[in-house]
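Each chain is listed here by its residues.
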Amino acid sequence: MIKNPVQLRLEKLPQWKQRLFMVCLCERMYPNFVFYCHQQHHEDDAKNYKKILDLVWESLLVEDVKINFDLQLEKLELIIPTVTDDSPYMVYPAIDACHALGEVLHSYLSGEIAEHTAKVSSISATTVAEFEMTKTNVTLSEDEQQTLPSVIDEFDLQWEIFRLLREENNEMNELIKGLKDEIRAAGTSNIGVFLSYQGI
């Protein structure tokens, strides 16, 4: 998977900021999963993904909140799509969205943060690269993938989130709520899938 140099910088942030970085990227990948679920008429799966995502946000916002992350991981595993011969392309970004959220949950269970943060960063960038390669029907090496304009844009956004986390001195909940609201208001995934949060 593609590696972003920001990953080395992220390791130096406090654990809660690394988790915040991960959940921000998962929130951006969520529309991809919703789009796939709509294609397959699996709306309940989309709702279940969002419930798990919301619990992760809650874990950051509410001190000492009790969440069974083992159970959430089990619930997530039940909704990970399976690729079949007639699967639409969006099954792949949907699977990536699930794997990214799984990394966040594993970070709570293992206590290891940096490794999971790096993986979520790579998963999001790889989703973008694979989407571009599919559109153009061209296979690129990892080095070539990193030069794609859309991947550079993804890296830039990850750096932007990192800089906010590094420089933010305001109250913790204010930062978390601000990022959550901003990403949800944009409603656009890492590959340009637009999602209205109305009714979801």
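Up top you'll find the structure we're talking about.
Thresholds, definitions, all that
Residues numbered from 1 in each chain as written. Predicted model: local features only at pLDDT ≥ 70, side-chain atom pairs only at ≥ 80, totals over all residues. Heavy atoms only, no water. Axes fitted to C-alpha atoms, helices over the stretch in contact; angles between N-to-C directions. Helix = DSSP H or I, 4+ residues; strand = E, 2+ residues; numbered from the N terminus. Parallel < 35°, antiparallel > 145°, perpendicular 65-115°, else oblique. Left-handed = near helix turned anticlockwise from the far one by under 90°. Contact = heavy atoms within 4.5 Å. Nonpolar A, V, L, I, M, F, W, Y, C, P; charged D, E, K, R; others polar. Buried < 20%, exposed > 50% of the residue type's maximum accessible area, 1.4 Å probe, protein only. Disulfide = S-S within 2.5 Å.

## Here we look at the packing of helix α2 (residues 15-40) against helix α6 (residues 114-136)
- Here α2 crosses α6 at 30°, and the two axes come no closer than 10 Å. With respect to each other, α2 and α6 are oriented roughly parallel. By crossing handedness, the relation of α2 to α6 is classed as left-handed. Seen from α2, the contacting residues are Q18, F21, M22, L25, R28, M29 and N32; seen from α6, they are A114, H116, T117, V120, S121, I123, S124 and T127.
- The class makeup of the residues in the contact of α2 with α6 is seven nonpolar, seven polar and one charged.

## Details of the environment of A129
- Inspection of the secondary structure assignment puts A129 in helix α6.
- You can call A129 buried: its relative accessible area is 0%.
- Sequence-wise, A129 and V65 are 64 residues apart; in three dimensions their C-alpha atoms are separated by 37 Å.
- When sequence neighbours within four positions are dropped, the list of residues in contact with A129 reads I2, Q145, L148 and V151.

## Observations regarding the state of the cysteines
- As enumerated under the stated definition, the model contains zero disulfides in all.
- Cysteine C26 shares no disulfide, and the gap to the nearest cysteine sulfur, in C24, comes to 9.4 Å.
- The exposure class assigned to C26 is buried, which follows from its relative accessible area of 0%.
- For C37, which is in no disulfide, the shortest distance to another cysteine sulfur is to C98 and amounts to 7.6 Å.

Remember, this is a structural readout, not a statement about activity or role.
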